[in-house]
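Notes for the structure review
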Protein chains: 2
Amino acid sequence: MSGWLKIAGLGPGDDALVTPQVRAAIDAASDVVGYFPYIARIADRPGLRRHGSDNRVELDRARTALALAAEGARVVVASSGDPGVFAMASAVFEALEDGPEAWREVDIEVLPGITAMLAASARAGAPLGHDFCAINLSDNLKPWALIEKRLRAAIEADFAIALYNPRSASRPEGFARLLGILRETCEPERLILFARAVTTPEESLTITTLAEALPEMADMRTMVIIGSSLTRRVAARRPLIYTPRSAP
Amino acid sequence: MSGWLKIAGLGPGDDALVTPQVRAAIDAASDVVGYFPYIARIADRPGLRRHGSDNRVELDRARTALALAAEGARVVVASSGDPGVFAMASAVFEALEDGPEAWREVDIEVLPGITAMLAASARAGAPLGHDFCAINLSDNLKPWALIEKRLRAAIEADFAIALYNPRSASRPEGFARLLGILRETCEPERLILFARAVTTPEESLTITTLAEALPEMADMRTMVIIGSSLTRRVAARRPLIYTPRSAP
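Reference entry: report on the structure contained in this document.

The rules behind each value
- Residues numbered from 1 in each chain as written.
- Chains lettered and ligands numbered in written order.
- Predicted model: local features only at pLDDT ≥ 70, side-chain atom pairs only at ≥ 80, totals over all residues.
- Heavy atoms only, no water.
- Helix = DSSP H or I, 4+ residues; strand = E, 2+ residues; numbered from the N terminus.
- Buried < 20%, exposed > 50% of the residue type's maximum accessible area, 1.4 Å probe, protein only.
- Contact = heavy atoms within 4.5 Å.
- Buried area = accessible area lost by both parts, 1.4 Å probe.
- Salt bridge = Lys/Arg side-chain N within 4 Å of Asp/Glu carboxyl O.
- Polar contact = N/O pair within 3.5 Å; in protein donor to acceptor, adjacent residues only side chain to side chain.
- Axes fitted to C-alpha atoms, helices over the stretch in contact; angles between N-to-C directions.
- Left-handed = near helix turned anticlockwise from the far one by under 90°.
- Nonpolar A, V, L, I, M, F, W, Y, C, P; charged D, E, K, R; others polar.
- Pairing = 2+ DSSP bridges.

Observations concerning the environment of Gly 11 of chain A
Residues and elements named next belong to chain A. Here Gly 11 is to be found in the loop between strand S1 (4-9) and helix H1 (20-28). Among the residues examined, Gly 11 registers a relative accessible area of 0% and is labelled buried. On a C-alpha basis, the gap between Gly 11 and Ser 138 in space is 19 Å, while along the polypeptide they are 127 residues apart. Dropping the residues within four chain positions of it, Gly 11 is found in contact with Arg 41, Ser 80, Gly 81 and Ile 114.

Next comes the structure, spelled out in structure tokens:
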């Protein structure tokens, strides 16, 4: 059995951010599996089978990929960003643990990619230049109480905070509640970055303060980065923010 | 003045993880500036000036790069991993703020790369598949009291914890103290990944538990990832760990 499964990160959107390792895996694949918009980023070619699927069916997609690889296919699961950060890698391991014994023999590799927070941070300067955390606000994966607990701990620790999926369809009020908690606990001048569709033609960057931030500034394509208390603007050619390397 | 400054992430070591965007910047550069081992990863060519420097002189290096770019050079600052994560991007902005007015006109871009925690996580499965934080244990950049406060907050939040520079030359005892705090607060079965020199020929991965972890398992080339309470082993072909996407 010569099949394999590579869970590959396509990065945030720009093809210039796809690593040669991921490119080589796609070139060697017999099958690509993924959410429709990610599959659309992979060029068609003779002999390549494409298995696009809808959002919110990560486990079905993972099972499809494992079953194909177990039968000898060379399968790339296409993930945006990095597959190990709020993406397909954990879904594949969850499916593996619940699946048939034969799947455990599949040769599985995770190929890292540029995750959204790193792309957003780079475009805006270096807000993640000191200690930070990443929290996913996406629906249905955890109770709001846990999100709130993590947010309060992150503020207490004075981490910069990267928020993935800040405004999800089934929990649109979450981000507004989060801004409310920040307003209780942080100074109004705290810097916030809204980075939408980074590295794509629709990219927009907004650097604002907690006092000026509005829930509507975020949607499902937005990465939000809350600065730490030390994050500051740079007087440069274009608006940039960064967090210094040292803390008192 | 056609100079520019691109702060570029070379990733963890394997050239297959250098993005085409970074490769193009290196090809277009007149000058590369960086720590000797990173400069060594860039092929020599006629017309390319190489400015290698020692470790621990980040600000000097940043000033050299800014001064060259301000004079019209096309400068790449070579950083390992991602330049925005405990690397050169913040150092450049610090130098910019303290430098001559002319530097503020330099066209500066940060080019993201695969940071060590993402490479380590990918090699070991997906330990960062749920909410997580990143803490730098490097010397002299912050007081130990702040590290300890952040560590305790991260445990309270049940983040997976990525530790950069766990054993530094001037603070070798820090990681042992950190293990002591973990032993006070976490269960002995808590999973810990020691990922050394990931994606290089010297790579070694150790997945162990808090009960079995020893300070000597980490050195300056090691990335340590402490699992959350939910991080688990996968029964697969090789030892893998992951953190499920959802939490109760």
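Focus on the interface of chain B and chain A
Facing 74 residues of chain B, the contacting portion of chain A comprises 74 residues. Each partner contributes to the roughly 6,200 Å² buried at the junction of chain B and chain A, and carbon and sulfur atoms together form 58% of this total. Sorting the residues of chain B by area buried against chain A places Arg 150, Arg 237 and Arg 245 of chain B first, and these three jointly supply 12% of that buried surface. Taken together, the links from chain B to chain A amount to twelve salt bridges. When the shortest N-O distance is used, the salt bridge between Asp 131 of chain A and Lys 142 of chain B registers 2.9 Å. The interface formed by chain B and chain A holds 38 residue pairs in polar contact (both at pLDDT 80 or more) in total.

What about the side chain of Ser 79 of chain A?
Residue and element names in this part refer to chain A. The residue Ser 79 is located in strand S4 (residues 74-79) in this model. Residue class for Ser 79 comes out buried when judged on its relative accessible area of 2%. Among all residues touching Ser 79, those that are not within four sequence positions of it are Ala 8, Gly 9, Leu 10, Tyr 38, Ala 87 and Met 88.

Observations concerning the packing of helix H6 (residues 144-156) of chain A against helix H7 (residues 174-185) of chain A
Residue and element names in this part refer to chain A. In the contact formed by H6 and H7, the axes pass within 11 Å of each other and the chain directions differ by 35 degrees. Like other packed secondary-structure pairs, H6 and H7 cross with a definite hand, here right-handed. In this structure, H6 uses Trp 144, Glu 148, Leu 151, Arg 152 and Ile 155 to contact H7, whose residues at the interface are Gly 174, Arg 177, Leu 178, Ile 181, Leu 182, Glu 184 and Thr 185. Among the residues making up the contact of H6 with H7, the classes are represented as six nonpolar, two polar and four charged.

Considerations on the sheet that holds strand S8 (residues 160-164) of chain A
Taking strand neighbours across the sheet as the criterion, the ten strands line up as S10(A)-S9(A)-S11(A)-S8(A)-S7(A)-S7(B)-S8(B)-S11(B)-S9(B)-S10(B) in an open arrangement whose pairing is mixed. If you trace the sheet from one side to the other, it starts and ends with strand S10 (204-209) of chain A together with strand S10 (204-209) of chain B, each paired once. Across this sheet, the average inter-strand angle for adjacent strands is 15 degrees, counted without regard to direction. As paired strands, strand S8 (residues 160-164) of chain B and strand S11 (residues 222-226) of chain B are joined by three bridges and run antiparallel to one another. For Ile 161 of chain B, the partnering residue across the bridge sits in S11 of chain B and is Ile 226 of chain B.

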